[in-house]
Amino acid sequence: MNRSRFIFNLIALSLIVLLISCRTQDQKNSQIRLSEVWKFKTGDDPSYLTIGLDDSDWKQINVGQNWDNQGYKELDNFAWYRVRFSLPSSVKDISFLKDSLKLYLGKIDDCDEVYLNGKILGYNGITLTSGVSVPDSFNIEPSPWYKERVYVISADDERLLWDKENLIAVRVWDRGGLGGMYSGIPAIGMVDVGDYLESGHRNSTFAFDNGVAYKSFNVKNISNHVKLSGVFIVTAKNDFTAKEFFRHIIKIDLPAGAETKIFVEIPEQNESTTLNYIYKQKGSASETVYTDILPYILTPAVSENPRINGPEIIGARPGKPFLHKIPVTGKEPLKISIANLPEGLTFDSNRGIISGRVSNRGEYDVKITVENSVGKASGILKIIIGDQIALTPPMGWNSWNCWGLSVDQEKVIASAKVFVEKGLANHGWNYINIDDGWEIKGDSPEPKRDDDGNIRTNEKFPDMKSLGDSIHFLGLKFGIYTSPGPLTCGGYTASYQYEIQDARSFAFWGVDYLKYDWCSYGQIAKDHSLPELKKPYFVMRDALGEVDRDIVYSLCQYGMGNVYEWGAEVGGNLWRTTGDITDTWGSLKSIGFNQVKNAPYGGPGHWNDPDMLVVGWVGWGPNLHPTRLTPNEQYTHISLWSLLSAPLLIGCDLERLDDFTLNLLTNDEVIAVNQDILGKQATPVFIDGDVQVWVKELYDGTKAVGVFNLGESILDYKLLFNKAGLPDKVKVRDLWRQKELGSFEKSIIIKLPVHGVSLLKVSE
Ligand code: GLA
C-alpha cells in the first residue's frame, strides 16, 4: 500500500475501537491470540525494549487484570511487559484484504509506549509510522487509562518479522491508583474487510412504542479504498430458549467513506434478549458480528389509581427551613390534602409542597390524602424534628457521571425540570446536585474569591442564589460540592481555610446537600492516620452546624481508614466507601458486591455510599454515551443499590432519558426497598458459585431478597429457603414486575439472565 493511503487508513482505524464491540468470525487463522501471561519487570531501563535481552528471570503477569491485584499494590511508577510470538505468513495469505495488521492490547492504566522488535510502534493507542520517534507519551491529560489500545500497521512494515519470532515490549507508566495492562486477551491479526464497517449502534438507544422496540444508527465505511458490498443482518434471540425469533437482512453498498442509516424494529420482549448485527462482504468467507442487547421493560405502567410514594419519614432540625414535595402518582388532576401539619409548616396544594420551619422538637404524624376521578389513597408521613436528617437514603441527581467538569447552570436547571416534567419527583427523586466544576479554576488568573474572601463561581454559574431558588421553587433540593483541600479533584478552587465562609455562602445560596471531597487535602494532611483523616471533616461539620440550614453532609474520601467506622462520628450523613465507579460490569461488580463489612454501620441518618448510578447517558462530560452496562446489569445495579440502602444519585443526562432508563428509575416497589424506614443494609446470606443471595430486612417484617447471577451463563436457579434464612412456607412477590408469584414451600425456581437479578419480596 502506498504510504499516504496507509497513513490515512491508520488514522481512521486508530480512531475507532472496533474490537470492543465486534468480533470477526471464520478468520481464526488470520488472527493470533497472544498469551495472557506476559513477562513483567518493575522499573525502567532502555534495554527492556531490545530483542536480545534475556528476560528469563522476569516475573510472570496476567494482562487480564491490573498489577495492583497481582502483588504490586503500591506501584505508581514504571514497569515493562514483554511477550514473544511467531508470525507465519499464512496469516496474511488466507486473509481477504492482505494489506494491514492490527495489534490489540486491551486497556492500559495509565500510559504506554509499545515496541515491536525493538522499534517504537506507538503510544497510548496511537500508531507511529516506522522511523518516527515517540513524543512525550506520559504527560497527557486526561489520562488514557480507559482507552482500548489498538495499533494498526502495514503488512509490509519493516518492523514486522514474517515467519520469525517477534517481540512486543510495552513500557507502562501508572500515575496513581490502579495500574498496568488490565482488560483483554491481546491479539494480532490481519485487518478484515468488516473492520472498515464502523457501526454506531452503541451510540443510540431503543425507544418503545405499541409493542415495538426500535432504534436507528449509522454504519460507515471508514476505509478510503475498499468498497463495502454485502449484507447487514439483524438477528434477535431469546437468551433463555436460545431461539432466534427475528432476522432481517439489509443490503449494504457503501463506497469508501460513505455511510448509511440502519433501522432496527423488533417486537418488544419481556426478558433477556441478545441481538446480533452481522456484516458479510460479498466474496469473503468471514463475517463481522456486533452484539447488542435489547432492553426489556419490567416495571408496569404507572396506575391511574392515586398513590402516595416514599419517603414515609423525614427528619429536620428545629427552626431550620423545611421543604418537601409530596411524591404522588395517578391520573391527573390529583387533589392532595393534608391534616395534622406541625406548627410552622404550610402546604401549597397547587404545587404539592410542604414548607416552613418547625421550632418544637417532636414526632408529627402528618396525614396525607390524595384523590382523583378514579379513587382515593391516604397515608402517614412522619416528620421528626430533632437532631437527625437524611432518615432515608438521599435520592436525586448529580452532574458528575454525565457532565464531569463541563457542567453549567443550564444543564442543572434542565435536570431539575426533567425531575418534575417526566415525573421522577413523583417517585421520590428530589436532590439536584452540582459536582465539581462550578468554582474558578485553580490555575486561572481570575480572583478565586471576592475582596471579602467569599468564594466566586465561574462564568458557567452566573447566579448561584437564583439557581438555588429555581430548584426550590420546583419543590426540589439543591446540592453542591467542594473539597477540604486548596483545590478540588478537578483542579478548581476549594475550601481549605475558608470552611466557615464557604458554608455561609452555601447557606446563602440555599444549599441542602454538600459533597466534601478529600482530593488535594492529601497535601495538607500529615499522614493517613485516623486523626488526620477525620480532621477536615470535623472542621466542615462544625461550619455547617453554624448556618441556618439543614445540609446533608456527604463525605467523599474513597473509603480511606474504614470511613464507615467513623463517618457518623464526624457528622457524615453518607460516606463513599470506594473509588469512583464507571459504567462497566467489572466496576459495578467489584464495588457493589463488596459492600459487606460496612453493613452494620449504615442506617437512618448515616449511609454507606458505593457511588452514584451509571445508567442512562453518561460520559463524565462533555461527550456522552449510553451506559455500557447491559439491561440485565442495570437491573442488578438498581436492585443491589436498593438492597444496600445506598444513596441513589442518578448520574445521567436527564434530557436524554430513554424509555428503558426512565422505567428502571420509577419502580415504586423497588424504590420502597431502598427507602425502607428501618434502614437496614442487606448482607449476602449465601454465595453458591456464581449466584449471590442478598437479604434485606424491612420495617414491615418482610424481607427483600436479591438473587444475583454474576456468571456468564443463564441459570434456572433453585433457591432453597432454609439456605437464605427464610421460613419454609412463604409468599413471594416479584418487585420489578410488581406481581405476586404465589406461595411456595421450601424452594422456588428462578430464571436468572447473565449478570441479572431477581428481586423478590418474601413474607410469611
Ligand atoms: C472525585 C470524586 C468524584 C467526583 C470528582 C470531581 O474523583 O470521587 O465523585 O466528585 O472527584 O472532580
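Residues numbered from 1 in each chain as written. Predicted model: local features only at pLDDT ≥ 70, side-chain atom pairs only at ≥ 80, totals over all residues. Heavy atoms only, no water.

Chemist: Even after reading the chapter, I still don't get the packing of helix α9 (residues 585-592) against helix α10 (residues 631-643), so can you show me in this structure?
Modeler: Running from amino to carboxyl end, α9 crosses α10 at an angle of 20°, the nearest separation of the two axes being 11 Å. As summarised for this structure, α9 and α10 are arranged roughly parallel, according to the angle between their axes. Here α9 runs over α10; the crossing is left-handed. For the pair formed by α9 and α10, the contact residues are W585, L588, I591 and G592 on the first element and E633, T636, H637, L640 and W641 on the second. Taken together, the residues of the contact of α9 with α10 break down into five nonpolar, three polar and one charged. (Axes fitted to C-alpha atoms, helices over the stretch in contact; angles between N-to-C directions. Helix = DSSP H or I, 4+ residues; strand = E, 2+ residues; numbered from the N terminus. Parallel < 35°, antiparallel > 145°, perpendicular 65-115°, else oblique. Left-handed = near helix turned anticlockwise from the far one by under 90°. Contact = heavy atoms within 4.5 Å. Nonpolar A, V, L, I, M, F, W, Y, C, P; charged D, E, K, R; others polar.)

Chemist: Can you help me understand the pairing of strand β20 (residues 273-281) in this one?
Modeler: Of all nine residues in β20, eight are buried; the element is thus mostly enclosed. In terms of strand pairing, strand β17 (residues 228-238) meets β20 through nine bridges, oriented antiparallel. If you follow V234 over to β20, its bridge partner there is Y277. Bridging between β20 and strand β21 (residues 287-294) involves eight bridges; their strand directions are antiparallel. (Buried < 20%, exposed > 50% of the residue type's maximum accessible area, 1.4 Å probe, protein only. Pairing = 2+ DSSP bridges.)

Chemist: Which parts of the structure should I look at to understand the nonpolar core?
Modeler: In summary, soluble globular proteins display a tendency toward joint burial of nonpolar side chains. Judged by nonpolar contacts, the single largest core of 124 residues is most densely connected at F232, W429, W438 and I650. If we ignore the near neighbours within four places in the chain, the residues touching W438 are I455, R456, T457, N458, F461, M464, I480, Y481, F506 and W509. Residues Y81, V91, V114 and V170 belong to the second largest nonpolar core, which totals 33 residues. (Core = buried A, V, L, I, M, F, W, Y, C linked by side-chain atoms within 4.5 Å.)

Chemist: What's the story with the state of the cysteines in this structure? I'm lost.
Modeler: Here, disulfide denotes a covalent bond that connects the sulfur atoms of two cysteines. Evaluated as defined, the whole model comprises one disulfide. Each sulfur of the disulfide joining C489 and C519 lies 1.7 Å from the other. Between C489 and C519 the sulfur-sulfur dihedral comes to about -90°; the bridge is accordingly left-handed. Of this pair, C489 sits in the loop between β33 (477-482) and α7 (499-509) while C519 sits in the loop between β34 (513-517) and α8 (530-546), placing them 30 residues apart in sequence. Summary of cysteine pairing: C111 is not part of a disulfide, and the nearest cysteine sulfur, belonging to C489, is at 19 Å. Counting only cysteine sulfurs, C489 is the nearest neighbor of C556, a cysteine outside any disulfide, at a range of 6.5 Å. (Disulfide = S-S within 2.5 Å.)

Chemist: What should I look at first to understand unusual backbone geometry in this one?
Modeler: For residues that are not glycine, phi is negative in most cases, and the peptide bond is trans in most cases. Look at the link from D109 to D110: it is a cis peptide, with omega at 5°. As for its position among the elements, D110 is in the loop between β6 (100-109) and β7 (111-116). For the peptide bond that leads from G310 to P311, omega is -5°, which places it in the cis range. With respect to the helices and strands, the residue P311 is situated in the loop between β22 (307-308) and β23 (313-316). Positive phi is not limited to glycine here, since H755 has a value of about 60°. Here H755 lies in the loop between β47 (747-752) and β48 (757-763). Using a relative accessible area of 8% as the deciding quantity, one classes H755 as buried.

Chemist: Looking at this model, I keep getting lost on helix α5 (residues 409-421). Mind explaining?
Modeler: It helps to recall that an α-helix has 3.6 residues per turn; residues three or four apart then point in one direction. Counted at 1.5 Å a residue, the expected span for α5 with its 13 residues is 18 Å, and the 18 Å between its end C-alpha atoms agrees. Residues of α5 that are buried make contact with β31 (395-398), β32 (431-433), α6 (464-473) and β40 (648-650). Looking at the residues trailing α5, positive phi occurs at G423, about 85°. (Expected span 1.5 Å × (residues − 1).)

Chemist: What's the story with the site of the ligand in this structure? I'm lost.
Modeler: In the region of the ligand, the neighbouring residues are W400, D435, D436, Y481, C489, G490, K515, D517, C556, Y558, R576 and D580. Residue D436 places a side-chain N or O atom 2.8 Å away from an oxygen atom belonging to the ligand. Between the ligand and the protein, one listed contact pairs an oxygen atom with a side-chain N or O atom of D580 at 2.5 Å. When the ligand is considered free in solution it has 310 Å² of accessible area, and contact with the protein chains removes 93% of it. By residue class, the composition of the shell around the ligand is five nonpolar, one polar and six charged. (Near = heavy atom within 4 Å. Polar contact = N/O pair within 3.5 Å; in protein donor to acceptor, adjacent residues only side chain to side chain. Areas by Shrake-Rupley, 256 points an atom, 1.4 Å probe, with all protein chains shown as cover.)

Chemist: Looking at this model, I keep getting lost on the pairing of strand β5 (residues 78-86). Mind explaining?
Modeler: For a regular strand, the rule is simple: side chains alternate between the two faces of the sheet. In terms of residue burial, β5 counts as a mostly covered element, since seven of its nine residues are buried. Both strand β3 (residues 37-42) and β5 contribute to a ladder of four bridges, which runs antiparallel. Paired with K39 across the bridge in β5 is R82. In this structure, β5 lies alongside strand β11 (residues 165-173), joined through nine bridges in antiparallel fashion. Of the residues in β11, the one forming a bridge with W80 is R171.

Chemist: Just checking my understanding: could you explain the side chain of K696 for this structure?
Modeler: With respect to the secondary-structure elements, K696 resides in strand β42 (residues 691-697). The buried charged residue K696 lacks any salt bridge, with D676 as its nearest oppositely charged partner at 5.6 Å. Here the side chain of K696 touches S645 through a polar contact of 2.8 Å, side chain to side chain. If sequence neighbours within four positions are ignored, K696 has contacts with S642, L643, S645, V673, N674, D676, K680, A682, T702, K703 and A704. (Lys, Arg positive; Asp, Glu negative; His and termini not counted. Salt bridge = Lys/Arg side-chain N within 4 Å of Asp/Glu carboxyl O.)

Chemist: Would you mind showing me how to read the packing of α5 against α6 here?
Modeler: Relative placement of two packed helices is described by the angle separating their axes and the distance separating the axes. The interhelical angle for the contact between α5 and α6, taken along N-to-C directions, is 10°, at an axis separation of 10 Å. Between α5 and α6, the angle is such that the two are roughly parallel. Together, Q409, V412, I413 and A416 of α5 and L467, S470 and I471 of α6 make up the contact between the two elements. Class assignment for the residues of the contact of α5 with α6 results in five nonpolar, two polar and no charged.

Chemist: Any chance you could explain the sheet that holds β23 here in plain terms?
Modeler: Strand order in the open sheet formed by four strands is β23-β30-β29-β26, with mixed pairing between adjacent strands. The open sheet has two free edges, formed respectively by β23 and β26 (335-339), since each of these has just one partner strand. Recorded for the sheet is a direction-independent mean angle of 25° between the axes of neighbouring strands. Judged from the ten bridges that link them, strand β29 (residues 362-371) and strand β30 (residues 376-385) form a sheet pairing that is antiparallel. Following the sheet pairing, E363 is matched in β30 by I384.

Chemist: Explain the sheet that holds β11 here, please?
Modeler: The pairing of strands in a sheet happens through backbone hydrogen bonds and is either parallel or antiparallel. With antiparallel pairing, seven strands are arranged side by side in an open sheet as β4-β3-β5-β11-β7-β8-β9. Only two strands of the sheet have a single partner each, and these edge strands are β4 (59-62) and β9 (126-127). The pairing of strand β8 (residues 119-123) with β9 spans two bridges and is classified as antiparallel. When the bridges of β9 are listed, G122 appears paired with T127.

Chemist: Where do I start with the domain arrangement of the protein chain in this structure?
Modeler: Reports often express the size of an interface as the amount of accessible area lost when the parts come together. According to the domain assignment, the protein chain consists of domain 1 (3-191), domain 2 (196-268), domain 3 (307-385), domain 4 (395-674) and domain 5 (684-763). A separation of 36 Å is found between the C-alpha centroids of domain 2 and domain 5. (Domains from an automatic or database assignment.)

Chemist: Please clarify how the pattern of salt bridges should be interpreted in this entry.
Modeler: Think of it this way: side chains of opposite charge can pair up when their charged atoms draw near. Using the criterion set out here, one finds 43 salt bridges in the structure. Here E287 makes a salt bridge to K280, at a shortest N to O gap of 3.6 Å. Between K534 and E569 there is a salt bridge, and its shortest N-O distance comes to 3.3 Å. With K534 in helix α8 and E569 in the loop between β35 (552-556) and β36 (574-576), this residue pair connects regions lying 35 residues apart in the sequence. Under the relative-accessibility criterion, K534 is labelled buried at 16%. Put simply, D55, R82, R84 and E165 are held in one network by salt bridges that share partners.

Chemist: Quick question: what am I supposed to make of the packing of aromatic side chains here?
Modeler: Describing an aromatic ring pair means giving the distance of the ring centres and the angle of the ring planes. Enumeration over the complete set of coordinates arrives at 28 aromatic pairs. In textbook terms, an aromatic cluster arises when at least three aromatic residues are bridged by ring pairs, as seen for F40, W67, Y72 and Y81. Sitting over the face of the ring of W58, R82 holds its NZ or CZ atom 5.6 Å from the ring centroid. Looking at K465, its charged tip hangs above the ring of F508, at a distance of 5.5 Å from the centre. (Phe/Tyr/Trp six-rings, centres within 6.5 Å; stacked < 30°, edge-to-face > 60°. Lys NZ or Arg CZ within 6 Å of the ring centre and 35° of its normal.)

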